[in-house]
Amino acid sequence: MNKGGGMKKMKYVVVTGGVVSGLGKGVTASSIGVLLKACGFRVTSIKIDPYLNTDAGTMSPFEHGEVFVLDDGGEVDLDLGNYERFLDIKLTRDNNITTGKIYQAVIDKERRGDYLGKTVQVVPHITDAIQEWIERVAMIPVDGQPGPADVCVIELGGTIGDIESMPFTEALGQFSYRVGAGNFCLVHVSLVPVLSAVGEQKTKPTQHSVRGLRSLGLTPNILACRSTLALEENVMQKLSQFCHVPAENIITLYDVPNIWHLPLLLRDQKAHEAILGVLNLLGIAREPNLKEWTSRAELCDMLLEPVRIAIVGKYTGLSDSYLSLLKALLHASVSLRKKLVVDWIPASDLEDETAKENPDVYKAAWKLLKGSDGVLVPGGFGDRGVEGKILAAKYARENRIPFLGICLGMQIAVIEFARSILGLQDANSTEFDPDTKDPCVIFMPEGSKTHLGGTMRLGSRRTYFQVMDCKSAKLYGNRGFIDERHRHRYEVNPDMVSRLEDAGLSFTGKDETGQRMEIVELPNHPYYIGAQFHPEFKSRPGKPSALFLGLIAAACDQLDSLLHAHKIPNGMAKKISLCQNGNATKFAKIPTDGIYSNCNGVHA
């Protein structure tokens, strides 16, 4: 929206949370971004996590949900996944600020002598470092266009009043003065509980929360109240009076059928007008255009025909552990007009050990697996449940059930094939059995065995297709290569590839060296694909990931018609067969004819 030359002032929308955690600040921040984008503004976002870890990479998914991986290899909080999906942007590792990163940066400066012998303190040194970080990162373009965005949406993790978030709250209070009135809008997300006995919406928790916020030097411009139902008029008036917020700036985030309704909920309550009013942007904003978003949200509610996908994993007790996977499955199923039903199967429940110890659990797990239309084995670390995942892959392979293995899931498929088809009973990954006689999966030379954080093969890497007449290449629109995000330490042993291929397994995608196996397929199976990368991280609501689209299509017998839309252009097959000598660099010269753009928009 910046029409004139010269430096424009960045506008900031800060989202904080009160009363309890888990109110949906991340989805609220993402939805505000969607709404502002629909009004014609370019939007970027920053997530502040007050924990001491420098990044989310070493945290257990049980502790903090999934680790989201960015193009630059940053291992970040799952909320950044929400921002990327909702806003269709590509963030950097610096868009996730943690206490650990800030303190590390300040200590590094102190050790270099940058503070000229001064006593280094939380105020001003830590708080200044936070503000400088925000200003620097807000200017990084994330939407593929040159120059900085118009608005930066910042989410402060945790709950107002937490000891660990105090330096950030103080920094944001200073920041509001630093950037000046008209450039800073604070949205406070708070709980308005309904006591079941009385059925009355209670404002006191929000009052206390806002009082705490004010005592820390921050004044909310907008209240976003989480409640099961829309706020009653008298409750709004009470909140307005006690929290010193105009009634028209109080929004209810009541329960909706799916989270895609949230930007629509905000629009219907004129949240954009309230935010743009505070930021002095009303004059240049257009009416929000959410046509495509509305039709997708409504379509999602209307779907009736189910497609059942069994997720056989280790962290099935907490669905946030597989958030991007779930979203990628949802994007694909909605685009194919199917209602997604996920059956969670803890991998260890499928193992013989469970059959002895808890036969009922074992039977229930196998019943779910056998009742599914498709099987997905996701990534993971550690050996718990590995044999169960191998059994799930074997079942899908033998019974011709559509199967997608991601990261460890692909390695599992290779191990199972080696055991069952090559007869190598000892076949395994050196991650689980360092002394295996038939190591199908080995530790990568570029990793580190002692340092866990950031030592994996991380971020966006290129995969070159070795054959074009295969499902994965067709699903990706017959491109010569693709870029997908990685997060792993182990990979398929290149010394075993020729034996596996001779037995019928096809490694259809490899890296530029031809030594790293990226995609594996069983050509004579309806859909049996493994990917060493994580395609779920780049799936978007209107642009589902190719391999997930394939899985859902195969699970509801639509794969042939989907692949038919991606025929290889004449003459390309010949060029590709010439390239199968392992010299992958030649693939870059193959014309793509812009086919890929069609691949993602199936019924979007």
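Data block above holds the structure.
The structure contained in this document is the topic of the report that follows. The numbers attached to residues start from 1 for each chain and follow its sequence in the written order. Residue-level local features of this predicted model are given only where pLDDT is at least 70; pairs of side-chain atoms are given and counted only at 80 or more, and the full residue set underlies all totals for whole chains, interfaces and linings. Think of the side-chain values as coming from all heavy atoms in the structure, minus any hydrogens and water.

**Observations concerning the nonpolar core**
Soluble globular proteins tend to pack their nonpolar side chains together in the buried interior. Using the following cut-off: What makes a nonpolar core is a set of buried Ala, Val, Leu, Ile, Met, Phe, Trp, Tyr and Cys residues whose side-chain atoms join them at distances within 4.5 Å. With a 1.4 Å probe rolled over the protein chains alone, any residue whose accessible area is under 20% of its type maximum counts as buried; one over 50% counts as exposed, and the rest are partly exposed. Secondary structure elements follow DSSP: runs of H or I of four or more residues count as helices, runs of E of two or more count as strands, with numbering from the N terminus. Two residues qualify as a contact provided that any one of their heavy atoms is within 4.5 Å of a heavy atom in the partner residue.
Counting 55 residues, the largest nonpolar core has V13, I32, L36, C185, V187 and I275 as the members making the most contacts within it. Looking at this core element by element, the count peaks at 7 residues for helix α1 (residues 25-38). Excluding residues that lie within four positions of it along the chain, I275 makes contacts with V13, I32, L36, C185 and I222.

**Concerning the packing of helix α15 (residues 386-398) against helix α16 (residues 408-420)**
Here is the rule: Angular values range over 0 to 180 degrees, each being the angle between N-to-C directions of two axes fitted as lines to C-alpha atoms, with helices fitted over their stretch in contact. The labels follow the angle: roughly parallel below 35 degrees, roughly antiparallel above 145, roughly perpendicular from 65 to 115, and oblique for the rest. Classification convention: Asp, Glu, Lys, Arg as charged; Ala, Val, Leu, Ile, Met, Phe, Trp, Tyr, Cys, Pro as nonpolar; all other residues, Gly among them, as polar.
It is at 9 Å that the axes of α15 and α16 come closest, and there the two elements cross at 70 degrees. One element, α15, and the other, α16, form an angle in the roughly perpendicular class. Residues V386, E387, K389, I390, A393, K394 and R397 of α15 form the contact with α16, whose participating residues are L408, I412, A413, I415, E416, F417, R419 and S420. A breakdown of the residues in the contact of α15 with α16 according to their chemical character gives 8 nonpolar, 1 polar and 6 charged.

**Quick look at unusual backbone geometry**
The amide bond that connects V123 to the next residue, P124, takes the cis arrangement and shows omega of 10 degrees. Following the sequence through the fold, P124 ends up in helix α5 (residues 122-138). At L116, a position not held by glycine, the phi torsion is positive, near 55 degrees. Of note in the backbone geometry, K270 takes a positive phi value of approximately 60 degrees without being a glycine. Here K270 is to be found in the loop between α9 (262-268) and α10 (271-278). On the basis of relative accessibility, which here comes to 46%, the residue K270 falls in the partly exposed class.

**Considering the sheet that holds strand β20 (residues 490-492)**
Within a sheet, neighbouring strands are paired by backbone hydrogen bonds and run either parallel or antiparallel to one another. As a reminder, the rule being used: For two strands to be treated as a pair, DSSP must find at least two bridges joining them.
Overall, mixed pairing links the 3 strands, which are arranged β16-β17-β20 in an open sheet. Either end of the sheet is taken by a strand with one partner, and the two such strands are β16 (428-429) and β20. Bridge count for strand β17 (residues 439-443) against β20 is 3 bridges, and the pairing is antiparallel. Within the sheet, the bridge partner assigned to V441 lies in β20 and is V492. Packed onto the sheet, α16 meets β16, β17 and β20 and runs at close to 150 degrees relative to β17.

**Considerations on the sheet that holds strand β23 (residues 528-531)**
Spatially, β13-β12-β14-β15-β23-β22-β21-β18-β19 is the arrangement adopted by the 9 strands of the open sheet, whose pairing is mixed. Only two strands of the sheet have a single partner each, and these edge strands are β13 (339-346) and β19 (481-488). Averaged over neighbouring strand pairs, the angle between their axes works out to 25 degrees when direction is ignored. Here strand β21 (residues 506-510) pairs with strand β22 (residues 517-521) via 4 bridges, running antiparallel. When the sheet's bridge partners are listed, S506 is paired in β22 with E521. Here α15 sits on the sheet and contacts β12 (306-313), β14 (374-377), β15 (403-406) and β23; the angle it forms with β12, its principal contact strand, is near 145 degrees.

**A short note on the pattern of salt bridges**
Using the following cut-off: Each reported salt bridge corresponds to a side-chain nitrogen of Lys or Arg within 4 Å of a carboxyl oxygen of Asp or Glu.
If you walk through the whole model with that rule in mind, you get 31 salt bridges. For D71, the salt bridge goes to K90, with nearest N and O atoms at 3.6 Å. Residue D71 is located in the loop between β3 (68-69) and β4 (75-76), and its partner K90 is located in the loop between α3 (78-87) and β5 (96-98); the two are separated by 19 residues in the primary sequence. Residue class for D71 comes out partly exposed when judged on its relative accessible area of 24%. Owing to a relative accessible area of 44%, K90 belongs among the partly exposed residues under this scheme. Among the salt bridges present, the one from D483 reaches R462, with a minimum N-O distance of 2.8 Å. You can see D483 sitting in strand β19 and its partner R462 sitting in strand β18 (residues 457-465), a full 21 residues away along the chain. Judged by its relative accessible area of 25%, D483 falls in the partly exposed class. Ionic contacts of the salt-bridge type, sharing partners, join the residues D71, E84, D88, K90, R485, R540 and K543 into one network.

All quantities given are derived from atomic positions and should not be read as evidence of function.
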